[in-house]
Amino acid sequence: MNLLTRQRAIAVFVAFALAYFLSALIRAITATIAPTLVAEFQLRSADLGLLAGGYFLGFAAMQLPLGRWLDRHGPRKVELAFLGAALAGCIAFAKADGFQGLLLARILCGVGVCACLMAPLTGYRRWYAPEQLMRANSWMLMVGAFGMVASTLPVQWLLPAIGWRGIFLLLAALVAISMAVIAWQVPAWTGQRDSEAPSAKTNTGYSEVWRNPYFRALAPLGFFNYGGLVAMQTLWAGPWMTKVAGYTAAEAATGLFWLNVAMLLAYWVWGMANPWLARKGYAAEILIRRWTPLTFALLAILIIATPAYPVGAAVIFTLYCVATTVVALAQPAVGMVFRSELAGRALSAYNLVIFAGVFAVQWGIGLLLDAFKAAGLAEPAAYQSAFGVYGLACVLAYLVACRAKAP
């Protein structure tokens, strides 16, 4: 099974983790620098949603070819190739002089970091023991939460010193360092084992993935609930705190900082608990069915209570995001349903669903906000209405996911 020794497995995890840390930081940074970009480029809500969503548009567009390339060429070659695009995207964003330049650079960044989670998960499927896969996935997400923490107060502190353009040039330098570490530590991709080699009749595309009932039952959950969680965490949490709760930019950055710290701890706990939960028979679909309704209650409290109790908005938003982390268990669960030579395609296909959802929710909420404000609603009421529409979509996706049953 090509399992790595413990020491080598740790080194590989660290190499991939550095790149994923940076991808999460690049993903989430728009929530912190949004007020600066809005003021400098006179962006509307829909522009801001499209700019943040451009990352996910580029990210999602590459997921299907990414899956094939990962299965064929392996994580090291594929991730290094894509990170070169991320390096160029960060530099282009720093040099942009208008909205179109920002958007194109943001899309290029999304393309460049599209392999930063799928590459390690594909490698872990072959290099790590099965009982460690869920833990490795949760701890990669924990590293991503570190990146999101770094995108809040640390970015806010750096803004006056080097500006948002300087921050993106610094990110470009760090991406180059991560490429060197991956080239140094990640092993080459070996050929498939004889027992796993596909026959001449084996479908090398995605039809087997799309037809799988388990995948199809969890796809709406990935699109709305998981994708929406990322959209909220990386963009709309900040504007909610400033526009609905009345926070200052610094207070919102502080709220986002602690939200992402809480997410980091949540993923760490999931990583510690997953092996024990698996031994007790708590499969991912069982945990999702039992835990997800709490997220709907917390979202409803957020929508209703924020205007009356604005000081608690960051806390309620944090509780909502932490509770919603349960849907992250769906992704490795989907990967484990398929045989290992399909792992890259299965994981990338589900990632496509997730990040298409992120783009749709980020831009969709922006469009709803502009529409509700044009209809005469005050800005706080427009946010409440847009979040309410999103919550309804999540409930419907959850009802579909309740049918999921692993073979």
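Participant: Can you walk me through the overall build of the protein chain in this structure?
Facilitator: The secondary structure content of the protein chain amounts to 16 helices and 0 strands. In summary, the protein chain has a C-alpha radius of gyration of 20 Å against a globular reference of 22 Å for 407 residues, a match within 12%. Along the first, second and third principal axes, the C-alpha atoms of the protein chain reach 65 × 45 × 35 Å. Going through the 407 residues of the protein chain one by one, you find that 58% of them count as buried. Put simply, 86% of the contacts in the protein chain that link residues at least 6 apart link residues at least 24 apart. A total accessible area of about 15800 Å² is found for the protein chain, and carbon and sulfur atoms account for 68% of it.

Participant: Is there a simple way to think about the environment of Thr-295 in this case?
Facilitator: Its location among the elements puts Thr-295 in helix 12 (residues 284-305). Taking C-alpha positions, Thr-295 is 9.5 Å from Asn-225, a pair spaced 70 residues apart along the chain. Ignoring any residue separated from it by four or fewer positions in sequence, one finds Thr-295 in contact with Tyr-320, Ala-323 and Thr-324. Side-chain polar atoms of Thr-295 contact the backbone oxygen of Thr-292, separated by 2.6 Å.

Participant: I'm lost on the confidence of the model for the protein chain in this one. Help?
Facilitator: Low-pLDDT portions of the prediction should not be read for the details of their coordinates. Scored by pLDDT, the protein chain comes out at a mean of 89, with 96% of its residues at no less than 70. Predicted confidence in the protein chain is weakest over helix 2 (residues 45-61), with a mean pLDDT of 85, and strongest over helix 16 (residues 379-401), with 97. Taken together, the stretch residues 193-202 has pLDDT below 50 and engages in 8 contacts with residues farther than four places along the chain or on a different chain.

Participant: How should I be thinking about the packing of aromatic side chains in this particular structure?
Facilitator: Aromatic ring pairs are defined here through the distance separating the ring centres and the angle between the ring planes. Using the criterion set out here, one finds 23 aromatic pairs in the structure. Seen from their ring centres, Phe-317 and Tyr-320 are 6.3 Å apart, and the 75 degrees between their planes marks the pair as edge-to-face. Of the two residues, Phe-317 and Tyr-320 both sit in helix 13 (residues 313-324), 3 residues apart, roughly one turn of that helix. An aromatic cluster of at least three residues, connected via ring pairs, comprises Trp-236, Trp-240, Phe-317, Tyr-320, Tyr-383 and Phe-387. One residue, Arg-126, lies across the ring of Trp-189, its end atom 4.3 Å from the ring centre.

Participant: I would appreciate a short explanation of unusual backbone geometry in the present structure.
Facilitator: Most peptide bonds adopt trans geometry, and most residues besides glycine take a negative phi value. A positive phi is found at Gln-42, a non-glycine position, where the angle reads about 55 degrees. Relative to the elements of secondary structure, Gln-42 occurs in the loop between helix 1 (6-41) and helix 2. Judged by relative accessible area, which is 62%, Gln-42 ranks as exposed.

Participant: Quick question: what am I supposed to make of a nonpolar patch on the surface here?
Facilitator: Taken together, the side chains of Leu-18, Leu-158, Ile-162, Leu-170, Leu-174 and Ile-177 define a hydrophobic patch exposed on the protein surface, amounting to about 440 Å² of accessible area. With 5 residues, helix 8 (residues 153-185) is the single largest residue contributor to the nonpolar patch. Along the chain, the position of Leu-170 falls in helix 8. Of the residues examined, Leu-170 reaches a relative accessible area of 41% and is grouped as partly exposed.

Participant: How should helix 16 be read in this particular structure?
Facilitator: Note: α-helices contain 3.6 residues per turn, so residues at a spacing of three or four share the same orientation. Counted at 1.5 Å a residue, the expected span for helix 16 with its 23 residues is 33 Å, and the 33 Å between its end C-alpha atoms agrees. Every buried residue of helix 16 is accounted for by Ala-382, Tyr-383, Ala-386, Phe-387, Tyr-390, Gly-391, Ala-393, Cys-394, Ala-397, Tyr-398 and Ala-401.

Participant: So what exactly am I meant to see when it comes to helix 13 here?
Facilitator: End to end, helix 13 covers 17 Å across 12 residues, agreeing with the expected 16 Å (1.5 Å per residue, within 8%). Taken across its 12 residues, helix 13 has 9 buried, putting it largely inside the fold. Within helix 13 the residues assigned to the buried category are Ala-313, Ala-314, Ile-316, Phe-317, Thr-318, Tyr-320, Cys-321, Ala-323 and Thr-324. Next to the buried residues of helix 13 lie helix 10 (213-244), helix 11 (249-279), helix 12 and helix 16.

Participant: Just to check I follow, could you spell out the environment of Arg-6 for this structure?
Facilitator: Along the chain, Arg-6 turns up in helix 1. With a relative accessible area of 69%, Arg-6 lands in the exposed category. With 324 residues separating them along the chain, Arg-6 and Ala-330 place their C-alpha atoms 26 Å apart.

Participant: I keep staring at the pattern of salt bridges and nothing clicks. Help me out?
Facilitator: Where charged atoms of side chains with opposite charge meet at close range, the side chains can pair. All chains considered together, the criterion is met by 5 salt bridges. The closest approach of N and O atoms between Arg-165 and Glu-40, which form a salt bridge, is 3.5 Å. Note that Arg-165 is positioned in helix 8 and Glu-40 in helix 1, a separation of 125 residues in sequence. Notably, a salt bridge pairs Arg-345 with Asp-71, separated by 2.8 Å at the nearest N-O pair. Of this pair, Arg-345 sits in helix 15 (residues 343-374) while Asp-71 is found in helix 3 (residues 63-73), placing the two residues 274 residues apart along the sequence. Each member of the pair, Arg-345 as well as Asp-71, is classed as buried.

Participant: For this particular structure, what's the right way to read the side chain of Thr-30?
Facilitator: With respect to the helices and strands, the residue Thr-30 is situated in helix 1. The buried category is assigned to Thr-30, whose relative accessible area is 2%. Once residues within four sequence positions are removed from consideration, Thr-30 is found in contact with Ala-52, Arg-106 and Thr-234.

Participant: Honestly, the packing of helix 14 (residues 330-337) against helix 15 in this entry has me stumped. Any pointers?
Facilitator: The relative placement of two packed helices comes down to the angle between their axes together with the axis-to-axis distance. The N-to-C vectors of helix 14 and helix 15 enclose an angle of 150 degrees; their axes lie 8 Å apart at closest approach. Between helix 14 and helix 15, the interaxial angle falls into the category roughly antiparallel. As helix 14 runs across helix 15, the sense of the crossing is right-handed. Taking contact as the criterion, the partners of Ala-330, Gln-331, Val-334 and Gly-335 in helix 14 are, on helix 15, Ala-346, Leu-347, Tyr-350, Asn-351 and Ile-354. Here the residues of the contact of helix 14 with helix 15 are counted per class, giving 6 nonpolar, 3 polar and no charged.

Scoring rules and cut-offs
Residues numbered from 1 in each chain as written. Predicted model: local features only at pLDDT ≥ 70, side-chain atom pairs only at ≥ 80, totals over all residues. Heavy atoms only, no water. Helix = DSSP H or I, 4+ residues; strand = E, 2+ residues; numbered from the N terminus. Rg over C-alpha atoms; globule rule 2.2 N^0.38 Å. Buried < 20%, exposed > 50% of the residue type's maximum accessible area, 1.4 Å probe, protein only. Contact = heavy atoms within 4.5 Å. Areas by Shrake-Rupley, 256 points an atom, 1.4 Å probe, with all protein chains shown as cover. Polar contact = N/O pair within 3.5 Å; in protein donor to acceptor, adjacent residues only side chain to side chain. pLDDT = per-residue confidence, 0-100. Phe/Tyr/Trp six-rings, centres within 6.5 Å; stacked < 30°, edge-to-face > 60°. Lys NZ or Arg CZ within 6 Å of the ring centre and 35° of its normal. Patch = residues over 30% accessible without salt bridge, like charges linked within 9 Å, V, L, I, M, F, W, Y side chains within 5 Å. Salt bridge = Lys/Arg side-chain N within 4 Å of Asp/Glu carboxyl O. Expected span 1.5 Å × (residues − 1). Axes fitted to C-alpha atoms, helices over the stretch in contact; angles between N-to-C directions. Parallel < 35°, antiparallel > 145°, perpendicular 65-115°, else oblique. Left-handed = near helix turned anticlockwise from the far one by under 90°. Nonpolar A, V, L, I, M, F, W, Y, C, P; charged D, E, K, R; others polar.

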